[in-house]
Amino acid sequence: MSKPKILHVITGLTTGGAEMMLWKLVSQNDQYEHVVVVLNGEGNTLVGEKLKSENVTLHFLKIKEAKFKLAFVPEFLRILKNERPDIIQSWMYHANLISLIAKIVKPSTPLVWNVRHSLHDISRESRRLKLILKLSAKLSKIPNGIVYNSYASETQHLALGFSETNSKVLANGFDLSMFSPQESLKASLRKSLDLPEDAFVFIVIGRFHPMKGHTGYISSFANTLILLETIAPHIKLYSIMVGPELSASNKVLTQHISCLALDGIVKLLGERSDISEILNVADALVLPSLWGEGFSNVLGEAMSLSIPAIATDVGDSSWILGESGTIVAPGDLNELSSAMINYAQKSPSELKKLGSLARSRMEEHFSIASICQQYNIFYQAILTNSSS
């Protein structure tokens, strides 16, 4: 008997939280056959290659490349006709709206939206996104269900008028078997990155975007360094930053680093595919986001590796961390600096205790097996309701 089929619709396959969660769900959930429709871009990305390795069928609409913006519609309808999905699962705002086309031609096929964004301060969002949110709220009764990856996101979107019918919070999940601390790897990585073996290293991971708070983090790190030189001059403090556009070609960041005399101390490594390995170089993670986080993947990955974390109070970071880390106000660079000073002065045993708490929390609440099971229960409920 053939498996029921889920057709996923997603904006692109760049290395982001939604894209990585899509891959994890597809690779770990064998109760369904999975097909992915990509609105823009190609499949030669990290996530694209991962999906191909799982033998997932990929369709590319290339909307941005078309001279006529609705030229993708006939191709999308052809895919729907040929694939005949049992469920359509869209990911993020643009894909959510475009997936509504499916309800016109396949009204009986359940459609589930997936919202990955939190709205800590909607005034920071672009005019275009505000219009998309307003339209999405008006149309949100059409899908059969809406998945949010954080409680904060669900609360914020319901307040904007999104339908609460079949609204469900399903957190990001993590394959904990892929994450285990490796002291030997830590030493070799530090050597390759020209980091002192006895340094205290903070790591920041995420794509370059104003909402990620990278420039503020660098300023706060500079202040931390100055204060530590006074109160604990023996501490050698360094930071590495990893993610798309967090590289030497980013003039905004390189100039900011140079102006603060942090060359060689703050290192920009760019995008890497070995996040579970590069995290081992760090003593602590900092998540300095100003807004927009729902459920941070990198926070979960660091915690899975028993790495303590400092995070801003954006999205569900406070709930994710529990008692295993420190929460600071978004944009409060002095509070962030104080937290980094506190961590840099902790003993190895204190850091290990926080790391153990973090790992235990991931095992208890956020394993990919548990999250996949929750998705399957939700999908089954959606299928049952739509057939009744």
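For the structure itself, look to the data block above.
Residues numbered from 1 in each chain as written. Predicted model: local features only at pLDDT ≥ 70, side-chain atom pairs only at ≥ 80, totals over all residues. Heavy atoms only, no water.

Looking at the pattern of salt bridges
This is how the line gets drawn: Take a side-chain nitrogen of Lys or Arg and a carboxyl oxygen of Asp or Glu: if they are within 4 Å of each other, that pair is a salt bridge. A run of DSSP states H or I qualifies as a helix once it reaches four residues; a run of E qualifies as a strand once it reaches two. Both are numbered from the N-terminal end. When a residue's accessible area, from a 1.4 Å probe over protein chains only, is under 20% of the maximum for its type it is buried; when over 50% it is exposed; and in between it is partly exposed.
For the coordinates displayed, the defined rule picks out eleven salt bridges. Close ionic contact of Lys5 with Glu83 constitutes a salt bridge, the shortest N to O distance being 2.8 Å. Pair noted here: Lys5 is in strand 1 (residues 5-10) and Glu83 is in helix 3 (residues 72-83), with a separation of 78 residues, a long-range link. Residue classification places Lys5 among the buried positions, given a relative accessible area of 12%. Between Arg272 and Asp274 there is a salt bridge; the shortest N-O distance is 2.9 Å. By relative accessible area, which is 18% here, Asp274 ends up buried. Within the structure, one salt-bridge network assembled from shared partners comprises Lys5, Glu33 and Glu83.

Things to note about the packing of aromatic side chains
We count it as follows: Between rings of Phe, Tyr and Trp, where Trp is taken as its six-membered ring, a pair exists when centres lie within 6.5 Å; planes separated by under 30 degrees are stacked, by over 60 edge-to-face, and by other angles tilted. Two thresholds decide whether a charge sits over a ring: the Lys NZ or Arg CZ must be within 6 Å of the ring centre and within 35 degrees of the ring normal.
Here the structure, examined in full by the defined rule, presents eight aromatic pairs. With a centroid separation of 6.2 Å and an interplanar angle of 40 degrees, the aromatic rings of Tyr217 and Phe221 are classed as tilted. Linking Tyr217 with Phe221, this pair stays in helix 8 (residues 214-231), spanning four residues, or about one helical turn. For the pair Tyr217 and Phe221, a shared accessibility class is recorded, and that class is buried. Seen in terms of ring centroids, Phe295 and Phe366 are 5.2 Å apart; in terms of plane orientation they differ by 75 degrees. Their pairing is edge-to-face. With a gap of 71 residues between them, Phe295 in the loop between strand 11 (284-287) and helix 11 (297-304) and Phe366 in the loop between helix 14 (348-365) and helix 15 (368-387) connect regions that are remote in the sequence. A residue is classified by how much of its surface remains accessible, and Phe295, at 4% relative accessible area, is buried. One aromatic cluster is present, formed by Tyr151, Phe174, Phe295, Trp319 and Phe366 through successive ring pairs. We note Lys50 situated over the ring of Trp23; from NZ or CZ to the ring centre the distance is 4.2 Å.

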